[in-house]
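A structural walkthrough
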Amino acid sequence: MSKFWSPFVRDLEPYVPGEQPKMSRLVKLNTNEHPLGPSPRVIEAIRDAADERLRLYPDPDASELKDAIAAYYRLKPSQVFLGNGSDEVLAHLFLGLFKQDRPILFPDITYSFYKVYCGLYGIDYQTVPLNDDLAIDLADYQRPNGGLIFPNPNAPTGQPLSLDAIARVAEANPDSVVVVDEAYVDFGADTAIALVDRYANLLVVQTLSKSRALAGIRVGFAIGHEGLIEGLERVKNSFNSYPLDRLAIAAGRAAFEDEAWFQQGRKLVIDERESLNAVLNGLGFQVLPSAANFLFARHPDHSGADLALALRERGIIVRHFGKPERIQDYLRITIGRPEQNRELVQALGDILS
Ligand SMILES: *Cc1c(COP(=O)(O)O)cnc(C)c1O
């Protein structure tokens, strides 16, 4: 604390990201990174972009990447908004779309950055409890609101929603923006991008950090009606004209041009998730159905804190959320490479015996 801070800074409750340990020998299953690297074409594109042109500012609109994403999803570039990671996209949309008279709504157990942005921007919010199965029930969101946001699949639970349910909630809230955070959608849920031409109040947010293995490059995007995108551009251009650097623009574009690599990575994660799910069940874990690149699981005989600690002692880190109480015995386990998943299973077998 310092007397030089602007007064509101004292009351901020910043987001706490999963640990990025300095030791590299750990089996790192705690922050939902992709088990493989990005496409070799991405690395090549970054190399090609790394030359004397770095003295120049990048394209403020990152048009090359916008066009690639628009082409990939068969949209107009004016329906695409880009940010420095989807966290920045979220920050801009909270400020640009959610600072309303009525409170915004999001699940009580979800991505914890939503609450942080509300604190930063002074946005009023209400949380809506997950149902008894720890799933989002969008029927619970029928009340006056200044906007809605939820991940699909939800984080950290991994459970997916149907496009039907999302279409219904967009239809039922014509006067507020409905945001679907699709950080994990490529691992098994259906993208609501298919609905944005039908609902002018629907905004879909995605990231290249998870399914495209580029967490280290920081690229995220939003897709929606041109009117929503224009509002986001106004906020972005009042904050930072160049959120994407030259290397990120080149890398992002190449990532959308190597479909085979993308599909192969997805398939590996999905196959590994299904086999790990079965093995964990065999060890007595209760595992929530997951459409993401992680599993959310608890063991009836062991606390989440004890399990996380015992795994760490064996060189494996997973994410454990101490609160709220409803999920304190769960571990969120990122799907790793096959040999990492085997190490995890071996360690758990050890700990439980
Ligand atoms: C990982 C994640 C993000 C943020 O991803 P970026 O790396 O900032 O693009 C956003 N929402 C959810 C639900 C996530 O899990």
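A brief report on the enclosed structure follows. Here the structure is a predicted model, which means the values were calculated and not measured.

Let's shift gears to the overall build of the protein. The helix and strand tally for the protein stands at 10 helices and 12 strands. Its C-alpha atoms give the protein a radius of gyration of 20 Å, near enough to 20 Å, the size a compact globule of 353 residues would have. Expressed as lengths along the three principal axes of its C-alpha atoms, the size of the protein is roughly 60 × 50 × 50 Å. By element, 49% of the accessible surface of the protein is carried by carbon and sulfur atoms, the whole surface being about 16,600 Å². Looking at the protein, you have 37 positive and 47 negative side-chain charges, and the mean spots of the two groups are 4 Å apart.

What follows concerns the pattern of salt bridges. For the structure on display, the rule yields 14 salt bridges. Here Asp271 ties to Lys267 by a salt bridge, and the two come within 2.6 Å at their closest N and O atoms. Placement of the pair is Asp271 and Lys267 together in helix H8 (residues 259-282), with a separation of 4 residues, close to one helical turn. Here Asp350 ties to Arg314 by a salt bridge, and the two come within 3.4 Å at their closest N and O atoms. In this pair, Asp350 is assigned in helix H10 (residues 338-352) and Arg314 in the loop between helix H9 (304-313) and strand E11 (316-320), connecting sequence segments 36 residues apart. Through salt bridges with shared partners, one network takes in Glu64, Arg253 and Glu257.

Bringing the nonpolar core into the picture now. Ranked by size, the top nonpolar core spans 55 residues in total, and within it Ile69, Leu138, Phe150, Ile166, Leu202 and Ile223 carry the most contacts. Here this core takes 7 residues from helix H7 (residues 246-257), the largest share from any one element.

Turning next to the site of the ligand. Lining the immediate environment of the ligand, one finds Gly85, Ser86, Asp87, Tyr111, Asp181, Ala183, Tyr184, Thr207, Ser209, Lys210 and Arg218. Between Asp181 and the ligand, the recorded distance is 2.7 Å, taken from a side-chain N or O atom to a nitrogen atom. Contact with the protein chains covers 92% of the free accessible surface of the ligand, which is 390 Å². Grouping the constituent residues of the shell around the ligand by class yields 3 nonpolar, 4 polar and 4 charged.

With that settled, consider the environment of Pro35. Among the secondary structure elements, Pro35 is positioned in the loop between strand E1 (27-29) and helix H1 (40-49). Taking the relative accessible area as the measure of exposure, Pro35 reaches 10% and is therefore buried. The spacing of Pro35 and Ile136 is 101 residues in sequence and 27 Å in space, taken between C-alpha atoms. Among residues more than four places away in sequence, those in contact with Pro35 are Leu268, Val269, Ile335, Gly336 and Arg337.

With that settled, consider the packing of H8 against H10. Axis separation between H8 and H10 bottoms out at 11 Å; the angle between their running directions is 10 degrees. As summarised for this structure, H8 and H10 are arranged roughly parallel, according to the angle between their axes. Of H10, the residues touching H8 (which contributes Leu268, Glu272, Leu276, Val279 and Leu280) are Pro338, Asn341, Leu344, Val345 and Leu348. Per-class residue counts for the contact of H8 with H10 are 8 nonpolar, 1 polar and 1 charged.

Our next topic: the packing of H1 against H7. Between H1 and H7, the shortest axis-to-axis distance is 8 Å and the interhelical angle comes to 150 degrees. One element, H1, and the other, H7, form an angle in the roughly antiparallel class. Where H1 crosses over H7, the handedness of that crossing is right-handed. Packed against H1, whose contacting residues are Arg41, Val42, Ala45, Ile46 and Ala49, the element H7 presents Arg246, Leu247, Ala250, Ala251, Ala254, Ala255 and Glu257 at the interface. Here the contact of H1 with H7 is built from residues that sort into 9 nonpolar, no polar and 3 charged.

The rules behind the values
Residues numbered from 1 in each chain as written. Predicted model: local features only at pLDDT ≥ 70, side-chain atom pairs only at ≥ 80, totals over all residues. Heavy atoms only, no water. Helix = DSSP H or I, 4+ residues; strand = E, 2+ residues; numbered from the N terminus. Rg over C-alpha atoms; globule rule 2.2 N^0.38 Å. Areas by Shrake-Rupley, 256 points an atom, 1.4 Å probe, with all protein chains shown as cover. Lys, Arg positive; Asp, Glu negative; His and termini not counted. Charge placed at Lys NZ, Arg CZ, Asp CG, Glu CD. Salt bridge = Lys/Arg side-chain N within 4 Å of Asp/Glu carboxyl O. Core = buried A, V, L, I, M, F, W, Y, C linked by side-chain atoms within 4.5 Å. Buried < 20%, exposed > 50% of the residue type's maximum accessible area, 1.4 Å probe, protein only. Near = heavy atom within 4 Å. Polar contact = N/O pair within 3.5 Å; in protein donor to acceptor, adjacent residues only side chain to side chain. Nonpolar A, V, L, I, M, F, W, Y, C, P; charged D, E, K, R; others polar. Contact = heavy atoms within 4.5 Å. Axes fitted to C-alpha atoms, helices over the stretch in contact; angles between N-to-C directions. Parallel < 35°, antiparallel > 145°, perpendicular 65-115°, else oblique. Left-handed = near helix turned anticlockwise from the far one by under 90°.

Function-wise, these values are silent; they only describe arrangement.
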